[in-house]
Amino acid sequence: AQKITQTQPGMFVQEKEAVTLDCTYDTSDPSYGLFWYKQPSSGEMIFLIYQGSYDQQNATEGRYSLNFQKARKSANLVISASQLGDSAMYFCAMRDMIKAAGNKLTFGGGTRVLVKP
Amino acid sequence: DVKVTQSSRYLVKRTGEKVFLECVQDMDHENMFWYRQDPGLGLRLIYFSYDVKMKEKGDIPEGYSVSREKKERFSLILESASTNQTSMYLCASSGMGSNQPQHFGDGTRLSIL
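The following paragraphs examine the structure supplied in this document. (Residues numbered from 1 in each chain as written. Chains lettered and ligands numbered in written order. Predicted model: local features only at pLDDT ≥ 70, side-chain atom pairs only at ≥ 80, totals over all residues. Heavy atoms only, no water.)

### A look at the sheet that holds strand 8 (residues 73-78) of chain B
Residue and element names in this part refer to chain B. Quick reminder of the rule: Should DSSP find at least two bridges between two strands, the strands are taken to pair. Strands here mean DSSP runs of E at least two residues long; helices mean DSSP runs of H or I at least four residues long; both are numbered from the N terminus. Every axis corresponds to a line fitted to the C-alpha atoms, with the helix fit spanning only the stretch in contact, and the corresponding angles, defined between N-to-C directions, vary from 0 to 180 degrees.
Here we have four strands laid out as an open sheet, ordered 1-3-8-7, and antiparallel in their pairing. At either end of the open sheet lies a strand with only one pairing partner, and these are strand 1 (4-6) and strand 7 (64-70). Going across the sheet, the axis of each strand differs from the next one's by a mean of 20 degrees, ignoring polarity. Across three bridges, the pairing between strand 1 and strand 3 (residues 19-25) is antiparallel. What sits directly across from V4, in strand 3, is Q25.

### Considering the interface of chain B and chain A
How big an interface is tends to be reported as the loss of accessible area on association of its parts. Basically, it comes down to this: It only takes one pair of heavy atoms within 4.5 Å for two residues to be counted as in contact. As a working definition, buried area equals the accessible area (1.4 Å probe) given up by two parts on being put together, with both sides summed. We count a salt bridge whenever a side-chain nitrogen from Lys or Arg sits within 4 Å of a carboxyl oxygen from Asp or Glu. We call two N or O atoms a polar contact when they sit within 3.5 Å, provided that within protein one can donate a hydrogen and the other can accept it, with sequence-adjacent residues counted only if both atoms are side-chain atoms. In this count, Pro and Cys sit with the nonpolar residues alongside Ala, Val, Leu, Ile, Met, Phe, Trp and Tyr, while Asp, Glu, Lys and Arg are called charged and the others, Gly among them, polar.
Taken together, the 24 residues of chain B in the interface contact 18 residues of chain A. Roughly 1600 Å² of surface becomes buried between chain B and chain A when both sides are summed, with 57% attributable to carbon and sulfur atoms. Three residues stand out in chain B for area buried against chain A, namely L43, S98 and F104 of chain B, and they jointly supply 27% of the buried area on that side. Linking chain B to chain A there are zero salt bridges. At the surface where chain B touches chain A, the tally comes to four residue pairs in polar contact (both at pLDDT 80 or more). Within the residue set of the side of chain B that touches chain A, elements represented by two or more residues are strand 4 (31-38), strand 5 (42-51) and strand 9 (87-94) of chain B. Here the side of chain B that touches chain A is built from residues that sort into 11 nonpolar, 10 polar and three charged.

### Some details on the environment of L114 of chain A
Residue and element names in this part refer to chain A. Rules: Only protein chains enter the area calculation, which uses a 1.4 Å probe; residues under 20% of their type maximum are buried, those over 50% are exposed, and those in between are partly exposed.
Relative to the elements of secondary structure, L114 occurs in strand 12 (residues 111-116). The class for L114 is partly exposed, based on a relative accessible area of 41%. For the pair L114 and R72, spaced 42 residues apart in sequence, the C-alpha to C-alpha distance is 27 Å. In this view, L114 contacts M11, F12, V13 and S87; residues no more than four positions away in its chain are not counted.

### Here we look at unusual backbone geometry
Backbone geometry places A81 of chain A, a non-glycine residue, at a positive phi of 45 degrees. Tracing the backbone shows A81 of chain A in the loop between strand 9 (74-79) and strand 10 (88-96). Not every positive phi belongs to a glycine, and D28 of chain B is a case in point at roughly 60 degrees. Within the secondary structure layout, D28 of chain B lies in the loop between strand 3 and strand 4.

### Some details on the state of the cysteines
In protein chemistry, a disulfide is the covalent bond that joins the sulfur atoms of two cysteines. The cut-off we apply is this: What counts as a disulfide here is a pair of cysteine sulfur atoms lying within 2.5 Å.
In the structure shown here, the tally under the stated rule is two disulfides over all chains. At a sulfur-sulfur separation of 2.0 Å, the disulfide partner of C23 of chain A is C92 of chain A. For the disulfide bridge between C23 of chain A and C92 of chain A, the dihedral angle about the S-S bond is near -65 degrees, and by the sign convention the bridge is left-handed. Of this pair, C23 of chain A sits in the loop between strand 3 (19-21) and strand 4 (24-26) while C92 of chain A sits in strand 10; the two residues are 69 residues apart in sequence, bridging distant segments of the chain. Disulfide pairing is shown between C23 of chain B and C91 of chain B; the S-S distance is 1.9 Å. Across the S-S bond linking C23 of chain B and C91 of chain B, the dihedral sits near -80 degrees, which makes this disulfide left-handed. Within this pair, whereas C23 of chain B is found in strand 3, its partner C91 of chain B is found in strand 9, the two being separated by 68 residues in sequence. An identical accessibility class is assigned to C23 of chain B and C91 of chain B; each is buried.

### With respect to the pairing of strand 12 of chain A
Residues and elements named next belong to chain A. Burial along strand 12 is one-sided: the residues T111, V113 and V115 are buried and none of R112, L114 and K116 is. In this structure, strand 2 (residues 10-14) lies alongside strand 12, joined through five bridges in parallel fashion. Note that in strand 12 the partner of M11 across the bridge is V113. Note that strand 10 and strand 12 share three bridges and pair antiparallel.

### Structural notes on the nonpolar core
How we decide: In this text, buried Ala, Val, Leu, Ile, Met, Phe, Trp, Tyr and Cys residues form a nonpolar core when linked through side-chain atoms within 4.5 Å.
Ranked by internal contacts, the top residues of the largest apolar core, which has 24 residues, are L21, Y25, W36, I49, L77 and Y90 of chain A. Residue assignment for this core shows that the elements contributing at least two residues are strand 3, strand 5 (32-39), strand 6 (46-52), strand 8 (64-69), strand 9, strand 10 and strand 12 of chain A. The leading source of residues in this core is strand 10 of chain A, at four residues. Among the nonpolar cores identified, the runner-up in size contains 20 residues, and L11, Y64, F74 and L78 of chain B belong to it.

Given below as structure tokens:
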């Protein structure tokens, strides 16, 4: 069975600094996808970034980048130049490309980030 | 932009009532999902659907059913609401491609009294 682990329940970061959110995963399948979502206090889940298991380069999307280390089964999210609006819960999720009918995702427990001015 | 609309942001119902949560997406997505989110338990998949009239159980289907009569609409039904179904409910949809993200609605905070 798939498993996603986010070991940091919460963290503080100073405004304008970078922050790294950890995500490790466990799967026996060679083909999978990794997703990161942001959930502000208002409750909506916002898609941030995607990394495919066969992608040669780490994904980047604006201030978000993925530090993807396939051998270590980790896909850490890096947020550069933190802003107050980055304060939110962040979820890592994985899709098993072969077995996951209907594009199911398995979510980690989340990390709460608080950006300090 | 993808728009996933959940019918209510907040809902209060009584124990034993039949409760309907509605979700509509406007991107012609094949896949739709219902999750519940509880503190300390993260997001848990209740049911999902990959086509009209098709449905599959997720991780916690007990006490719930779903209906997908039209491609754009996916309904979650609490057959006989109980207090342990008080939760935040999130609907999502996604396209067929394996790299397609799920897009979420704003959520329904349901309280069962």
